[in-house]
Amino acid sequence: MTGAMDKAIERLKEIHEKNLTGGGQKHIDRQHDRDKLTARERIDLLLDEGTFVELGSCVNTTGSRIDGRESDAPCDGAVIGTGRVEGRKIALYASDFTILGGSIGTQHGLKFVRLMEMAANWGIPMVWLLDSSGGRLGYRDVPMAGIDWWFALESRFSGMIPQINVLLGPCIAGQAYCPTLCDFLLMSRGSAHLWLGGPRMTQAATSEKIGDDVGGADYHMIYSGTCDVVGDNDKETIRKTREILSYLPSNYREKPPVMETSDRFDREVEEVLSIVPDDYGRSYDMHEIIRVIVDEGRFYEIKDEYAKNIITCFCRFNGEVTGLVANNPGEPGSIMEIDSCDKYYRFLQVLDAYGIPLVTLVDTPPVVPGEEQEARGLLRHFGKILDTYATATIPKISIVLRESYADAGSLIMGGVKGMGVDLSYAWPMARFAVEASEADYGRLYGKGIEEDAHEGYLGRAREKVDVFEVARSWTAQVVDEIIEPRDTRKRIIDALELTRNKKEKLPKRAKVSGTGPT
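Quick caveat, the model's predicted, so the values are computed rather than measured.

Our next topic: the confidence of the model for the protein chain. The predicted model of the protein chain averages 85 in pLDDT, with 82% of residues at 70 or higher. Segment residues 456–461: pLDDT under 50, and nine contacts once partners within four positions in sequence are set aside and those in other chains are kept.

Below is the structure:
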């Protein structure tokens, strides 16, 4: 080896050693004092040991002037590369808050853009570990520092490769759109904040004072519904990131990983009989049913504190990944409303994009209208599910436990055949109706509803039709079979096996996407 090569190798080692210290020990200590890990510590937690392969390690904006000062930014504050999670390849980007607050400069932005393009071409998931103060003020090379390309690529590659955003610090202003364009957003309760305008920016622009809790993980989980999963701190949030990746394929052409299980596929679930009350007016927690029927009682819930009257989760049946959506009578009436519609709609979009089968557990009264819900566009939000469910080409299996009423249970939960459910089962105590309300429409609306219409049509609408009455007529197209509750797990697994190679093509269009409700 020549002397020149020795010097070049030594120079490369020096760059790599400097990169390990990020913005310096003072900034690392400050990061730890805030109970946050550094970018490289987070990468080590996320990936299988020793699998990280860095790209763009020699990028540095040394010499650029920021606010009149010389900058030194190893990696330009963006650590990117590839690695493995449970043996499967992923691409990842981690903003380094110890370097200029993790702010986005031109090189920083373009490193992400190039990695995103490569991940899509290679067909591997893209994971963000985001902790950034936003755009790098005073960096004049490109006004947007390439973040406009971020938005474009996230949108264009949506549904091609899983995009997981893990927010472990601040995310402000224009950059705050990035997490909303991903498939899933995980946030750390201890350190993550997502704002279009934070407290200081909002006060400066509008004089409005907002609390520090606005924009936090719990805020975006409970109120806005923007967050999908919350972890207490960096470590727990990253652990949950590894877990969600285990339920997703590497890209839309592949299947999610199948896990070996000791849970028998033909196991009877006798316990469900003691969980669901015979009295239709009594509530119960649907989580208990899910825990009994899925493999080893394990499932991964999405938006668990948002719109709690509906449950959306990943689980496995006989080792195969399934998306499960269930009404939850344990919450107020398990009634479908705008927030629960949005939660269901978004989850269904992801399932259809990545070819993950859908199982619905139905036990719900109808959508209940009201002035506030109507004003906020209940029909429009409801229409989004109708459109997405009808056009989803994945296997769709439905189980009606007790009640399937009108639009909520019969239509959007797959309680009737016409919406495109592949196999629809019902327990022997299930009942169906146009609506469940006992209201006196003649008294409520007065003129305009004649007595015979009220007694005839509206009276009939309230009648609960026993599942055996429904099953007598095959042309009713409501259920394919009445099943014993203890056979629920077996029937689901059999249905998933039957529909595994389902091929369904929608009518050809000039463009791929339709124009469903928004």
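Next up on the list: the nonpolar core. Counting 59 residues, the largest nonpolar core has L46, V127, L129, F314 and Y344 as the members making the most contacts within it. Looking at this core, the element that brings in the most residues is helix α12 (residues 338–353), giving seven residues. In this structure, A78, I104, V113 and L115 belong to the second largest nonpolar core, which totals 37 residues.

A separate point is the pairing of strand β14 (residues 320–327). For β14, the buried fraction is high: seven of the eight residues fall into the buried class. Bridge count for strand β13 (residues 310–317) against β14 is eight bridges, and the pairing is antiparallel. Along β14, the bridge assignment pairs T312 with V325. Pairing geometry for β14 and strand β15 (residues 358–364), over four bridges, is parallel. Directly across from A326, in β15, lies its bridge partner L361.

Here the focus is the pattern of salt bridges. Scanning the entire structure with this criterion turns up 31 salt bridges. The closest approach of N and O atoms between R264 and D266, which form a salt bridge, is 3.0 Å. Its salt-bridge partner being E469, residue R472 comes within 3.8 Å of it at the nearest N-O pair. The exposure class assigned to R472 is exposed, which follows from its relative accessible area of 69%. Several salt bridges converge on common partners, so that one network encompasses K36, R42, D131 and D234.

Let us look at the sheet that holds strand β5 (residues 88–95). A sheet is described by the order of its strands in space; here seven strands give the open sequence β1-β4-β5-β6-β7-β9-β11, paired in mixed fashion. If you trace the sheet from one side to the other, it starts and ends with β1 (53–55) and β11 (229–231), each paired once. Adjacent strand axes in the sheet meet at a mean angle of 20° when their direction is disregarded. Bridging between strand β9 (residues 184–188) and β11 involves three bridges; their strand directions are parallel.

Axis separation between α12 and helix α14 (residues 378–391) bottoms out at 9 Å; the angle between their running directions is 20°. By the angle between their axes, α12 is roughly parallel relative to α14. As α12 packs across α14, the resulting crossing turns out to be left-handed. On α14, the residues touching I338, C341, D342, Y344, Y345, L348, Q349 and D352 of α12 are L378, H381, F382, K384, I385, T388, Y389 and T391.

Turning our eyes to something else, we now look at the pairing of strand β12 (residues 299–302). Residues F299 and E301 point to one face of β12 and Y300 and I302 to the other, with burial holding for every one of them. Bridge count for β12 against β13 is four bridges, and the pairing is antiparallel. When the bridges of β13 are listed, E301 appears paired with C313.

Following both chains from N to C, one finds helix α3 (residues 39–46) and helix α9 (residues 234–245) inclined at 40°, their axes separated by 9 Å at the closest point. Considering their axes alone, α3 and α9 lie oblique with respect to each other. In this structure, α3 meets α9 at a crossing whose hand is right-handed. Contact residues: α3 offers R42, L45 and L46, while α9 offers D234, K235, I238, T241 and R242.

This brings us to the side chain of S57. Tracing the backbone through its elements, the reader meets S57 in the loop between β1 and β2 (65–66). Note on S57: relative accessible area 13%, which makes it buried. Of the polar contacts made by the side chain of S57, one reaches the side chain of H16; its length is 3.1 Å. Not counting the four nearest positions on each side in its chain, S57 is found in contact with I15, H16, N19 and C75.

With that settled, consider a negative patch on the surface. Where like charges cluster on the molecular surface, the negative patch consists of D6, E10, E14 and E17. Look at E10 and you get partly exposed, because its relative accessible area is 42%.

The subject of this paragraph is the packing of aromatic side chains. How two aromatic rings sit relative to each other is given by the distance of their centres and the angle of their planes. Enumeration over the complete set of coordinates arrives at ten aromatic pairs. Judged by centre distance (5.9 Å) and plane angle (50°), the rings of Y247 and Y300 are tilted. Of the two residues, Y247 sits in the loop between α9 and α10 (272–275) while Y300 sits in strand β12, which places them 53 residues apart along the sequence. Note on Y247: relative accessible area 4%, which makes it buried. The class for Y300 is buried, based on a relative accessible area of 6%. One aromatic cluster is present, formed by F184, Y247, Y300, F314 and F347 through successive ring pairs. The ring of Y389 has K396 lying over it, and the distance from NZ or CZ to the ring centre is 4.6 Å. Its guanidinium or amino end placed over the ring of Y280, R431 lies 3.7 Å from that ring's centre, counting from NZ or CZ.

Procedures and definitions
Residues numbered from 1 in each chain as written. Predicted model: local features only at pLDDT ≥ 70, side-chain atom pairs only at ≥ 80, totals over all residues. Heavy atoms only, no water. pLDDT = per-residue confidence, 0-100. Contact = heavy atoms within 4.5 Å. Core = buried A, V, L, I, M, F, W, Y, C linked by side-chain atoms within 4.5 Å. Buried < 20%, exposed > 50% of the residue type's maximum accessible area, 1.4 Å probe, protein only. Helix = DSSP H or I, 4+ residues; strand = E, 2+ residues; numbered from the N terminus. Pairing = 2+ DSSP bridges. Salt bridge = Lys/Arg side-chain N within 4 Å of Asp/Glu carboxyl O. Axes fitted to C-alpha atoms, helices over the stretch in contact; angles between N-to-C directions. Parallel < 35°, antiparallel > 145°, perpendicular 65-115°, else oblique. Left-handed = near helix turned anticlockwise from the far one by under 90°. Polar contact = N/O pair within 3.5 Å; in protein donor to acceptor, adjacent residues only side chain to side chain. Patch = residues over 30% accessible without salt bridge, like charges linked within 9 Å, V, L, I, M, F, W, Y side chains within 5 Å. Areas by Shrake-Rupley, 256 points an atom, 1.4 Å probe, with all protein chains shown as cover. Lys, Arg positive; Asp, Glu negative; His and termini not counted. Charge placed at Lys NZ, Arg CZ, Asp CG, Glu CD. Phe/Tyr/Trp six-rings, centres within 6.5 Å; stacked < 30°, edge-to-face > 60°. Lys NZ or Arg CZ within 6 Å of the ring centre and 35° of its normal.

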